[in-house]
Amino acid sequence: MFLYNNPLVKGLASLMGYIMEGIYFVFSHMGFYDIGLCIIVFTIVIRMFLLPMQVKQQKFSKLNAIMSPEIKAIQDKYKGKKDQETQMKQQAEIKEVYAKYGTSPTGSCLQLLIQMPILFALYAVIRDIPQYVTSVKSTYEHYIIKLTTAQVDEYFGSKAILGKEYVKGKLSGAQLSGGQIKNCIAAMTGTNSTGKTLSLAHNHTLRQLLDNVHNEYSNIMSSMNKFCGLLIGDSPSTNIKGQAIGIIIAGIALPVLSGVFQFVSVQLTTRMNKNNAAADVPGMGGSMKIMNFIMPIFSIYMCYILPVGIGIYWCIGSLVMMVQQLCINKYLDKKGMDVIIEENRKKAAKKAERKKARKGIYRENVIDAAQNKAKAKDEGGMSAAEKEAKVQKAKEAAAKKQGSLAAKANLVSDYNKKNDK
């Protein structure tokens, strides 16, 4: 819950809520109230928004496939050496490899870190659409206001929903306060912004409420909350209990499709990076194969226990990402790695210039001096500073030795200094 209360995540969720609001507005004016359909379009819009990040991530994967053999060779060169000087030399050489290709070790991680708050915000919107889409919330409110006293008691009659002052047989939907209506919506969606999970009274489900309570907003509510017969806010595992064969098939098909799309996406990524040297590292090839099967199974499990709305996003997101992967890969192959590397170098150079302009060159000079010291020691067995100190020590020793040429020279030098005074 902490993640969803994070100011950044809440801000992004509000922004995405406006996008979903716009999509629902268009479809509702066309006579379509299906939130599942809105989630599909919403997913495509968000994936297009994330396209620049995916291009950078896929570009880094291709560069990494070329860099990996060189980095591995450097690591093998210094294998078993743990002293500070050796580690500095290894880091310096690896840094030169990344500089040669105009990228950095954090190139891929940064893209993933940027996407994390966006994904949390997406989940927050999809799991509680009435909170972020005003027109959907308004329909829920009108539906609840039309409830009779008996219907309120049957489906919302609990102190957890209606408060400590609730008395059975006293409140109709029109008599409920704003706070009570808000809690009723939370009980219908199974979410609550305060962190407390609310549920309908007497162990009723949303499907029972929609199937048994009818008023002028019933059809819209049913269209909103159902996708292929599945309730958007419930998990497939809940949806299929005691239902017709068609709903059971739909409930099983959604998580299975998510696993299939995940498997194809992983295989596609592996094939695109088939030259990646990580596959040649002992033990890595087997680990990658295991992960290729674990991820689809994990995807199936998560889409089975999470709300259907999340499963729709997961499936469509994977499908759109596969199409994007193919298009991006074709574009990068047509462009050529030489051009990409040259562009990266230019961008890296401009970035370095801006960094120096902001922070000055002191830090860079310190790093360069440390690296030069390591190189000098590697070439001559002794750093430049150590050589200079040794020469100075030898001069002092020679000066102290009586009768030596250096001692006589010092006597003459001292005599001249006294006469000058």
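Just so we're clear, the structure is a prediction, and the values are computed from it rather than from any experiment.

**Q** Please set out the overall build of the chain residue by residue, giving values where relevant.
**A** When its secondary structure is counted, the chain shows 21 helices and 2 strands. Every one of the 421 residues in the chain was classed for burial, and the buried ones make up 38%. Contacts in the chain between residues far apart in sequence, at least 24 positions, make up 70% of those at least 6 positions apart. Counting every atom, the chain has about 24800 Å² of accessible surface; 61% of that belongs to carbon and sulfur.

**Q** Can you break down the pattern of salt bridges residue by residue, with the values?
**A** All told, the structure shown has 7 salt bridges when counted by the stated rule. The partner of lysine 226 in a salt bridge is aspartate 211, and the shortest N-O contact between them spans 3.3 Å. Here the residue lysine 226 occupies a position in strand 1 (residues 226-227), and aspartate 211 occupies one in helix 12 (residues 206-212), the gap between them amounting to 15 residues. The class for aspartate 211 is partly exposed, based on a relative accessible area of 38%.

**Q** Summarise the side chain of glutamine 324; cite the residues concerned and give the values.
**A** Among the secondary structure elements, glutamine 324 is positioned in helix 17 (residues 308-335). A relative accessible area of 6% places glutamine 324 in the buried class. For glutamine 324, the side chain forms a polar contact with the main-chain oxygen of arginine 47, separated by 3.1 Å. Setting aside its immediate chain neighbours within four residues, glutamine 324 contacts Arg47, Met48, Leu51 and Gln54.

**Q** Let's hear about the side chain of glutamate 21: which residues, and what values?
**A** Considering the arrangement of structural elements, one finds glutamate 21 in helix 2 (residues 7-29). Despite its burial, glutamate 21 remains without a salt bridge, the nearest opposite charge being carried by lysine 137 at 10 Å.

**Q** Describe empty space enclosed by the protein, listing the residues and the values that go with them.
**A** The gaps of empty space that remain are located by a probe, the size of a water molecule, rolled over the atoms. Following the criterion strictly, the structure yields 2 cavities of 30 Å³ or more and no others. What the largest cavity holds in volume is close to 130 Å³. In terms of lining, the largest cavity is formed by 13 residues, of which the most central are Tyr140, Thr189, Asn225, Ile232 and Gly233.

**Q** Let's hear about the packing of aromatic side chains: which residues, and what values?
**A** Under the definition given, this model contains 1 aromatic pair. Taking 5.7 Å as the distance between ring centres and 40° as the angle between the ring planes, the aromatic pair formed by phenylalanine 263 and phenylalanine 293 counts as tilted. Of the two residues, phenylalanine 263 is situated in helix 15 (residues 245-272) and phenylalanine 293 in helix 16 (residues 284-305); the sequence distance between them amounts to 30 residues.

**Q** Outline a nonpolar patch on the surface, listing residues and values.
**A** A cluster of nonpolar side chains, Ile252, Val256, Val260, Phe263, Val264 and Phe293, forms an exposed patch at the surface whose accessible area comes to about 490 Å². Looking at the nonpolar patch, the element that brings in the most residues is helix 15, giving 5 residues. Within the secondary structure layout, valine 256 lies in helix 15. For valine 256, a relative accessible area of 40% puts it in the partly exposed group.

**Q** Account for helix 3 (residues 35-49), naming residues and giving values.
**A** Given a rise of 1.5 Å per residue, 15 residues ought to cover 21 Å, and the 20 Å separating the end C-alpha atoms of helix 3 matches this to within 8%. Among all positions of helix 3, only Ile35, Gly36, Cys38, Ile39, Ile40, Phe42, Thr43, Ile46 and Arg47 are buried. Sitting at the head of helix 3, aspartate 34 places a side-chain oxygen 2.8 Å from the backbone nitrogen of glycine 36.

**Q** Go over a positive patch on the surface, please, and point to the residues and values.
**A** Where like charges cluster on the molecular surface, the positive patch consists of Lys56, Lys95, Lys346, Lys347, Lys350, Lys351, Arg354 and Lys355. No other element matches helix 18 (residues 337-359), which puts 6 residues into the positive patch. One can find lysine 56 in helix 4 (residues 51-77).

**Q** Report on unusual backbone geometry, specifying residues and quantitative values.
**A** Although it is not a glycine, asparagine 203 sits at a positive phi angle of roughly 60°. Tracing the backbone shows asparagine 203 in the loop between helix 11 (178-189) and helix 12. The class of asparagine 203 is exposed, set by a relative accessible area of 74%. The residue cysteine 228 is not glycine, and still its phi comes out positive at about 55°. Relative accessible area serves as the criterion here: at 59%, cysteine 228 is assigned to the exposed category.

Conventions used here
Chains are numbered independently. Their residues run from 1 in the order of the written sequence. At least 70 in pLDDT is required for a residue's local features to be given in this predicted model, at least 80 for side-chain atom pairs to be given and counted, and no such filter applies to totals for whole chains, interfaces and linings, which use all residues. Side-chain figures throughout are based on the complete set of non-hydrogen atoms in the structure, without hydrogens or water. Here a strand is any run of E in DSSP of at least two residues, a helix any run of H or I of at least four, and the numbering for each starts at the N terminus. Exposure categories follow from relative accessible area, calculated using a 1.4 Å probe and restricted to protein chains: below 20% of the type maximum is buried, above 50% is exposed, and the middle band is partly exposed. Note on definitions: a residue-residue contact is assigned when non-hydrogen atoms from the two residues lie within 4.5 Å. Methods summary: accessible areas were calculated by the Shrake-Rupley approach with a probe of 1.4 Å, and residue burial reflects only the protein chains presented. For this analysis, a salt bridge means a side-chain nitrogen from Lys or Arg found within 4 Å of a carboxyl oxygen belonging to Asp or Glu. Nitrogen and oxygen atoms within 3.5 Å of one another constitute a polar contact, given that in protein one can donate a hydrogen and the other can accept it, and given that sequence-neighbouring residues count only through two side-chain atoms. Positive charges are assigned to Lys and Arg, negative charges to Asp and Glu, while His and the chain termini are left out of the count. Here a cavity denotes grid points, spaced 1 Å and computed from the protein atoms alone, that fit a 1.4 Å probe unable to get out, and a pocket denotes an open set having protein on both sides within 12 Å along at least 5 of 7 lines; residues with an atom within 4 Å of a point are the lining. Grid points are joined across faces, edges and corners, and a volume is the space filled by probe spheres set on the points. Two rings from Phe, Tyr or Trp (for Trp, the six-membered ring) form a pair when their centres are within 6.5 Å of each other. A pair whose planes differ by under 30 degrees is stacked, one over 60 is edge-to-face, and the rest are tilted. Patch membership requires more than 30% relative accessible area and the absence of a salt bridge. Residues of like charge join within 9 Å; the nonpolar side chains Val, Leu, Ile, Met, Phe, Trp and Tyr join within 5 Å. Here the expected span of a helix is defined as 1.5 Å times the quantity of residues minus one. Note on charges: their place is set at NZ of Lys, CZ of Arg, CG of Asp or CD of Glu.

In short, geometric facts, not functional conclusions.
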